[in-house]
Amino acid sequence: MIQVRELSKRFNAFVAVDRLDFSVEKGEILGFLGPNGAGKTTTMRILTGFFPPTSGSAEINGHDVVREPMSARASVGYMPENVPLYVDMRVGEYLKFVAGMKGLDPGRTRHEVERALKAVDIASRKGQLIKQLSKGFRQRVGLAQALLGDPPVLILDEPTIGLDPGQIVEIRSLIKSFSGDKTVVLSSHILPEVAATCSKVVIINQGRLVAQGPPSMLRPGGAAGGGRLKVVAQGPAQVLADLLSKVNGVAACSMEDAGSGQAACGFTLETIGGSEVQAEVAKAVVGSGHDLIELSPITASLEEVFMQLTTSENSSGEEAA
C-alpha cells in the first residue's frame, strides 16, 4: 500500500531525509517514530504531495507521488500536527467545504460529513463555531476532515496532541478499529500509545532508518532479545561474581554492593535470551549452596529503550565517519 525506496530530501546543504526505505502493507498501522528533527514530518509531507523528494521514490496505493500526484493524493487522508482550521466556520460547514475541495460529489458530501462526524464522536458539535471548540475537539475536527472520502490510507501527525486521557483512549480505539481496513501511518511522541496501537514500528534519526519491526522492539530487551537482571545473594562477593558470569546467557556481570565477608551482595547482569536465563541464574546460585535473596528483571521505560535505539545509531554513524 505504501512503498518508500531510497527516499531523500535535501534543503540546500541540509539533508532532511537520507535514503529512507520502508513499506506498509494494506491494513497495517505503522508507528512512525523519531526525535525532533529526525525527518518524520518531511517524510509525511512527501507522501502527501506537499513537496517532491530530491531523489528516490514513494508510492501510495500503487501511484507514484511524483508521476501520479493527483491519484496518490486521492488515496490519502492527511491530518497534520497543526490542522489548518477556518475557525470562523461552523464544524459542519468546514467539513462540507473540505469535501468540496477534495472533489467529492455534492450528492455524496452530506453522507460523508455525517459519517466523519459520527466516527470521531462530534456530531453534536456540527453547528458550533470551530473557534468555540476546545483543543481536543479541534483535533477531532482535523481527524474528521482526514476521513472524508473514505481514503484507503491515513497519515496522522500527532493525532492525540492536546487531548485529555479519556479522549486519547477514544481516539486510540478509533485508530485501532481501522486495522485490516485502512493503512495508517501514525506519528506520535507518546510511545505507549504507539506500542498499544500499532502493528509495526519504523524509527528514524537524522533522516535515516534506525530500526523497523513489530512494536515489541519498544519493550525492554525487545530490540536485542536481551535484558538486565538484579541479583542479591548471600556469600563471598568474588565467588558469586565468578559463578554468575559463567551462567549460560549472561553476557556481563557487574557488582553493585560487595558488602563484607558473607554479607548480601548485589549484582546487575546483562543477559541474552528470555526468561530461561532467570531460571538458570536461580539454579546456579541455589545449587552452589548460596542463599538467593532477590532475583528480578530491571525494566527500562519505553523512553529509555527509544533513546538506546537512537543513541546507538548516532554512535555507529560517528564511528563510521
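Since we're looking at a predicted model, the values are computed, not measured.

Moving on: the pattern of salt bridges. Between side chains of opposite charge, pairing is possible as soon as their charged atoms come close. For the coordinates displayed, the defined rule picks out ten salt bridges. In this structure, the salt-bridge partner of Arg 115 is Glu 112, at a minimum N-O distance of 2.8 Å. Here the residue Arg 115 and the residue Glu 112 both occupy positions in helix H4 (residues 106–119), the gap between them amounting to three residues, near one helical turn. Residues Arg 140 and Glu 170 are paired through a salt bridge, measuring 2.5 Å at the closest nitrogen-oxygen approach. With Arg 140 in helix H5 (residues 135–147) and Glu 170 in helix H6 (residues 165–177), the pair connects residues that are 30 residues apart, well separated along the chain. What emerges from the salt-bridge pattern is a single network uniting Arg 108, Glu 112 and Arg 115.

Counting residues in each nonpolar core, the largest one holds 45 residues, and the members touching the most others are Val 91, Tyr 94, Leu 95, Leu 156, Val 184 and Ile 203. Examining the composition of this core, we find that six residues originate from one element, H5, more than from any other. Counting 25 residues, the second-largest nonpolar core is a separate cluster that includes Val 17, Phe 22, Leu 30 and Phe 32.

Interhelical geometry of helix H3 (residues 91–101) versus H5 gives an angle of 30 degrees and a closest axis separation of 10 Å. With respect to H5, the element H3 is oriented roughly parallel. The element H3 and its partner H5 pack so that their crossing is right-handed. Here Val 91, Tyr 94, Leu 95 and Val 98 of H3 lie close against H5, whose contacting residues are Val 141, Ala 144 and Gln 145. Tallied by class, residues from the contact of H3 with H5 come to six nonpolar, one polar and no charged.

To continue, consider the sheet that holds strand E1 (residues 2–11). On the basis of which strands lie adjacent, the open sheet formed by four strands has the order E2-E1-E4-E5 and antiparallel pairing. Edge strands, defined here as strands with exactly one partner in the open sheet, are strand E2 (14–24) and strand E5 (63–64). Running at roughly 115 degrees to E1, helix H1 (residues 40–47) makes contact with E1, E2 and strand E4 (55–60) of the sheet.

Residues of the chain with pLDDT of at least 70 account for 89%, and the chain-wide mean is 87. The low-confidence segment residues 315–321, where pLDDT is below 50, has one contact with residues more than four positions distant or belonging to other chains.

For Gln 139, the position within the fold is in helix H5. Among the polar contacts listed, one links the side chain of Gln 139 to the backbone oxygen of Pro 159, at a separation of 3.3 Å. Once residues within four sequence positions are removed from consideration, Gln 139 is found in contact with Met 79, Glu 81, Val 83, Glu 158, Pro 159, Ile 161 and Leu 163.

The next subject is helix H8 (residues 237–245). Within the sequence span of H8, burial applies to Ala 237, Leu 240, Ala 241 and Leu 244. The buried residues of H8 all sit within an arc of 100 degrees when viewed along its axis, so they share a single face.

For the rest of this paragraph, the subject is the packing of aromatic side chains. Per the stated rule, a full pass over the model turns up five aromatic pairs. Measuring from centroid to centroid gives 5.6 Å for Phe 22 and Phe 32, while their planes differ by 40 degrees, and the two rings are tilted. One end of the pair, Phe 22, is in strand E2; the other, Phe 32, is in strand E3 (residues 29–33), with ten residues separating them in the sequence. You'll find Phe 22 and Phe 32 in the same group, each marked buried. In textbook terms, an aromatic cluster arises when at least three aromatic residues are bridged by ring pairs, as seen for Tyr 86, Tyr 94 and Phe 97. Geometry around Phe 11 places Lys 9 over its ring, the cationic atom sitting 5.4 Å from the centre. Note that Arg 125 overlies the ring of Phe 137, its terminal NZ or CZ placed 4.2 Å from the centroid.

Time to look at the side chain of Thr 109. Inspection of the secondary structure assignment puts Thr 109 in helix H4. Residue Thr 109 is classed as buried on the basis of its relative accessible area of 7%. Those residues in contact with Thr 109 that lie beyond four places of it in its chain are Lys 96, Ala 99 and Leu 104.

So, about the layout of surface pockets. Its boundaries defined by the atoms lining it, the largest pocket holds a volume of some 850 Å³. Along the wall of the largest pocket there are 26 residues; nearest its centre are Val 76, Val 98, Met 101, Lys 102 and Gln 145. Counting only elements with at least two residues in the lining of the largest pocket, the list comes to helix H2 (69–74), strand E6 (76–79), H3 and H5. Tallied by class, the residues present in the lining of the largest pocket amount to 19 nonpolar, five polar and two charged.

This paragraph deals with the packing of H5 against H6. Interaxial distance between H5 and H6 falls to 11 Å at its minimum, and their mutual angle equals 10 degrees. By the angle between their axes, H5 is roughly parallel relative to H6. Each of Gly 136, Phe 137, Arg 140 and Leu 143 in H5 lies in contact with H6, whose residues at this interface are Gln 167, Glu 170, Ile 171 and Leu 174. Per-class residue counts for the contact of H5 with H6 are four nonpolar, two polar and two charged.

Right, let's talk about H5 for a bit. Between its terminal C-alpha atoms H5 stretches 19 Å, which fits the 18 Å expected from 13 residues at 1.5 Å a residue. Of all 13 residues in H5, eleven are buried, a share of seventy percent or more. Burial in H5 covers these residues: Gly 136, Phe 137, Gln 139, Arg 140, Val 141, Gly 142, Leu 143, Ala 144, Gln 145, Ala 146 and Leu 147. Directly beyond the C-terminal end of H5, a positive phi value near 90 degrees is found at Gly 149.

What counts and what doesn't
- Residues numbered from 1 in each chain as written.
- Predicted model: local features only at pLDDT ≥ 70, side-chain atom pairs only at ≥ 80, totals over all residues.
- Heavy atoms only, no water.
- Salt bridge = Lys/Arg side-chain N within 4 Å of Asp/Glu carboxyl O.
- Helix = DSSP H or I, 4+ residues; strand = E, 2+ residues; numbered from the N terminus.
- Core = buried A, V, L, I, M, F, W, Y, C linked by side-chain atoms within 4.5 Å.
- Buried < 20%, exposed > 50% of the residue type's maximum accessible area, 1.4 Å probe, protein only.
- Axes fitted to C-alpha atoms, helices over the stretch in contact; angles between N-to-C directions.
- Parallel < 35°, antiparallel > 145°, perpendicular 65-115°, else oblique.
- Left-handed = near helix turned anticlockwise from the far one by under 90°.
- Contact = heavy atoms within 4.5 Å.
- Nonpolar A, V, L, I, M, F, W, Y, C, P; charged D, E, K, R; others polar.
- Pairing = 2+ DSSP bridges.
- pLDDT = per-residue confidence, 0-100.
- Polar contact = N/O pair within 3.5 Å; in protein donor to acceptor, adjacent residues only side chain to side chain.
- Arc of directions from axis to C-beta.
- Phe/Tyr/Trp six-rings, centres within 6.5 Å; stacked < 30°, edge-to-face > 60°.
- Lys NZ or Arg CZ within 6 Å of the ring centre and 35° of its normal.
- 1 Å grid on protein atoms, 1.4 Å probe; cavity = no way out; pocket = protein on both sides within 12 Å on 5 of 7 lines; lining within 4 Å.
- Points joined across faces, edges and corners; volume = space filled by probe spheres on them.
- Expected span 1.5 Å × (residues − 1).

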